[in-house]
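# Structural description and commentary
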Amino acid sequence: MLVFGICMSVGGLAGGVRSALDSKGLGTILATFALGIFGLLIVVSYFANYEDRRGRR
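### A closer look at the overall build of the chain
Each helix and strand in the chain was counted, giving three helices and zero strands. Moving toward the C terminus, one meets the helices and strands of the chain in the order α-α-α. Within the chain, counting contacts between residues at least 6 apart in sequence, those at least 24 apart form 59% of the total. Of the roughly 4,300 Å² of accessible surface on the chain, 68% is carried by carbon and sulfur atoms.

### Overview of the side chain of S19
Position of S19 among the secondary structure elements: in helix α1 (residues 2–21). Apart from residues no more than four positions distant in its own chain, S19 is found in contact with K24, T28, I29 and T32.

### Quick notes on the packing of α1 against helix α2 (residues 26–48)
A packed helix pair is summarised by two numbers, namely the angle formed by the two axes and the spacing between the axes. Running from N to C, α1 and α2 point in directions that differ by 155 degrees, and their axes come no closer than 7 Å. Considering their axes alone, α1 and α2 lie roughly antiparallel with respect to each other. Crossing geometry of α1 relative to α2 is assigned as left-handed. Per-class residue counts for the contact of α1 with α2 are 17 nonpolar, 10 polar and no charged.

Cut-offs and rules
Residues numbered from 1 in each chain as written. Predicted model: local features only at pLDDT ≥ 70, side-chain atom pairs only at ≥ 80, totals over all residues. Heavy atoms only, no water. Helix = DSSP H or I, 4+ residues; strand = E, 2+ residues; numbered from the N terminus. Contact = heavy atoms within 4.5 Å. Areas by Shrake-Rupley, 256 points an atom, 1.4 Å probe, with all protein chains shown as cover. Axes fitted to C-alpha atoms, helices over the stretch in contact; angles between N-to-C directions. Parallel < 35°, antiparallel > 145°, perpendicular 65-115°, else oblique. Left-handed = near helix turned anticlockwise from the far one by under 90°. Nonpolar A, V, L, I, M, F, W, Y, C, P; charged D, E, K, R; others polar.

Shown next as C-alpha cells:
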C-alpha cells in the first residue's frame, strides 16, 4: 500500500503540474491534483498507523 500511495502521489502531483503547464481544462487539472493528494494521504496514513500494525511494546 505504501508503494501504491507513493506512485499515486508522485504521478498525480507531477501530472497536475504538467496539465497546468499544457493548459488543459480545469477539471483535468483538479482531478489530477486530487489523485496526488489522495496518494499523499495514503502515505501519511501508512506511517501514522505503523505502530498499530506492528504492535505496541
